[in-house]
Amino acid sequence: METTASASSKAILFGEHAVVYGYPSVAVPLPEIRANAKIKDIKRKKVIIDMPDFGKTGVFKELAWEHPIRFAVDLFLSGHKITLQNGLCLSLHSEIPIASGMGSGAAISTAVFKALFAHFNIPYTAKKLSELVFEVEKLHHGTPSGIDNTVIAYEQAVLFRKDEEIQRINFPKTIHLVIANSGFTTPTKTTVSDVAWLYENNSTSVTDTFAQIEQCVILGLEALLLGDLEKAGEMMTENHQLLRSLTVSNERLDQLVDAANSFGAYGAKLSGGGRGGIVIALTEAEHVPFLKHTLLNAGAEACYSTKIGSE
Ligand code: PMV
């Protein structure tokens, strides 16, 4: 038997970092860019993990217990009291750039869990899936807010706040985003712990920044729901400046944001953990190819585009 599953990547439109401290955040799935998992029964009584994108193929038991894939499979098998009778080969392939703010880790775990549920014929809910992925996210991030596993497991635009029910968002008008990968990466764990350091050492000013980020989230989402792209873009750029003051931007990301805005995008910001990874820019459909070109000229390593909401 062979089962396959996939999971989308994601982008955070507003509110990263502040979301770790209980503030709201808006994230959207990027269904075009995905992680894929395939599980095949094999005769050898072993679990083989085949990850050609990561240059690895090997026996599961030889991976460190805290390896995210081993951890995910162990969590699934022990949680469902499954003892393997035969061997399995788990193959992973992902189109999502790693450590780039697009939720690569959460998407790979989501694809693995979906494939396992399908393979063992176990029904599941998006909530259950999200909870399992969250456990793996803790290995990647230390103190994840839960936004990545939520937006990816539900594959749904969400207004997310820690420890609260998620609110699904349906955008009334199609939103066109250009996503520019800076080609630099910094682990999310690093930027999250740098913000924590700032917070511990200057809590009044950082709390004020989080409150301003919250305003960007509220006003930006309201503008998107009203189809006011100008205001939404303004809030994205404002959110970027606030993230910059939290030290999670860098020169390349600032250049990409400036290039998008000089081109005439409604607004732009870094998305995700920052200090590398992606910049997202809000624009009109007819400007997408030119904006991509502009961002590539401004130093982006790769550009994607996506449509969110109904046409
Ligand atoms: O870098 P990513 O894609 O994992 O996004 C992280 C978002 C943060 O707010 C920085 C961290 C979190 O856990 O919410």
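Everything numeric here is computed off the predicted structure, so don't read it as measured data. (Residues numbered from 1 in each chain as written. Predicted model: local features only at pLDDT ≥ 70, side-chain atom pairs only at ≥ 80, totals over all residues. Heavy atoms only, no water.)

(A) Layout of the site of the ligand. Taken together, 18 residues are adjacent to the ligand, and Lys10, His17, Ser145, Thr188 and Gly273 come closest. Within the side chain of Lys10, one N or O atom sits 2.5 Å away from an oxygen atom of the ligand. Taking Ser145, its side chain carries an N or O atom lying 2.5 Å from an oxygen atom of the ligand. Protein contact buries 96% of the 380 Å² of open area that the ligand shows by itself. Only β1 (2-14), α4 (147-154) and α5 (188-201) provide two or more residues apiece to the shell around the ligand. Counted by class, the shell around the ligand contains seven nonpolar, eight polar and three charged residues. (Near = heavy atom within 4 Å. Polar contact = N/O pair within 3.5 Å; in protein donor to acceptor, adjacent residues only side chain to side chain. Areas by Shrake-Rupley, 256 points an atom, 1.4 Å probe, with all protein chains shown as cover. Helix = DSSP H or I, 4+ residues; strand = E, 2+ residues; numbered from the N terminus. Nonpolar A, V, L, I, M, F, W, Y, C, P; charged D, E, K, R; others polar.)

(B) Up close: the environment of Asn239. Positionally, Asn239 belongs in helix α7 (residues 229-245). Every residue in contact with Asn239, bar those within four places of it in the chain, is listed here: Leu13, Phe14, Gly15, Glu16, Ile213, Cys216 and Lys269. (Contact = heavy atoms within 4.5 Å.)

(C) Fine view of the sheet that holds strand β10 (residues 278-283). An order of β9-β10-β8-β11 is seen for the four strands of this open sheet, with the pairing classed as antiparallel. The sheet is open, and its two edges are formed by β9 (267-271) and β11 (302-308), each paired on a single side. Taken over all neighbouring pairs, the strand axes of this sheet differ in orientation by 25 degrees on average, direction set aside. Pairing geometry for strand β8 (residues 175-181) and β11, over seven bridges, is antiparallel. The partner of Ala180 across the bridge, within β11, is Cys303. Across the sheet, helix α8 (residues 251-263) lies against β8, β9 and β10, angled at about 160 degrees from β9, the strand it touches most. Sitting on the sheet, helix α9 (residues 288-297) touches β8, β10 and β11, and the angle it makes with β11 is about 150 degrees. (Pairing = 2+ DSSP bridges. Axes fitted to C-alpha atoms, helices over the stretch in contact; angles between N-to-C directions.)

(D) View of the packing of aromatic side chains. What the rule picks out here adds up to eight aromatic pairs. Between the aromatic rings of Tyr21 and Tyr199, the centroid separation amounts to 4.8 Å while the plane-to-plane angle is 50 degrees, which identifies the pairing as tilted. You can see Tyr21 sitting in the loop between β1 and β2 (25-42) and its partner Tyr199 sitting in helix α5, a full 178 residues away along the chain. For Tyr199, a relative accessible area of 31% gives the class partly exposed. (Phe/Tyr/Trp six-rings, centres within 6.5 Å; stacked < 30°, edge-to-face > 60°. Buried < 20%, exposed > 50% of the residue type's maximum accessible area, 1.4 Å probe, protein only.)

(E) Summary view of the nonpolar core. Counting 99 residues, the largest nonpolar core has Phe113, Phe171 and Leu295 as its most contacted members. Broken down by element, this core gets its largest block of residues, nine residues, from helix α2 (residues 104-119). The contact partners of Leu295, leaving out residues within four places of it in the chain, are Val178, Ala180, Leu256, Ala259, Ala260, Ala300 and Cys303. (Core = buried A, V, L, I, M, F, W, Y, C linked by side-chain atoms within 4.5 Å.)

(F) Spotlight on the packing of helix α6 (residues 203-226) against α7. For the pair α6 and α7, the least separation of the axes is 8 Å and the interaxial angle reads 160 degrees. Considering the angle they form, α6 stands roughly antiparallel to α7. For the element pair α6 and α7, the recorded crossing hand is left-handed. Two secondary-structure elements touch here, α6 through Thr209, Gln212, Ile213, Cys216, Leu219, Gly220, Ala223 and Leu224 and α7 through Leu229, Lys231, Ala232, Met235, Glu238, Asn239, Leu242, Leu243 and Ser245. (Parallel < 35°, antiparallel > 145°, perpendicular 65-115°, else oblique. Left-handed = near helix turned anticlockwise from the far one by under 90°.)

(G) Structural view of α9. Within α9, the full set of buried residues consists of Val288, Leu291 and Leu295. Projected down its long axis, α9 shows its buried positions confined to an angular sector of 65 degrees, all on one face. Along α9, the residues that are exposed and aim more than 90 degrees away from the buried face are Phe290, His293 and Asn297. After α9 finishes, the residue Gly299 shows a positive phi value of roughly 115 degrees. (Arc of directions from axis to C-beta.)

(H) Inspection of α4 at higher detail. Counting buried positions along α4 gives eight out of eight residues, so the element sits mostly inside the fold. Check the buried side of α4 and you find it contacts β1, β2, α2, α3 (126-141), β6 (158-160) and β7 (167-168). Following α4 by one or two positions, Glu155 adopts a phi angle in the positive range, close to 45 degrees.

(I) Geometry of the side chain of Glu137. As for its placement among the helices and strands, Glu137 is situated in helix α3. The charged side chain of Glu137 is buried without a salt bridge, its nearest counter-charge being Lys10 at 7.3 Å. Side-chain polar atoms of Glu137 contact the backbone nitrogen of Ala106, separated by 3.3 Å. In contact with Glu137, other than residues within four places in its own chain, are Gly105, Ala106, Gly142, Pro144, Asp148 and Asn149. (Lys, Arg positive; Asp, Glu negative; His and termini not counted. Salt bridge = Lys/Arg side-chain N within 4 Å of Asp/Glu carboxyl O.)

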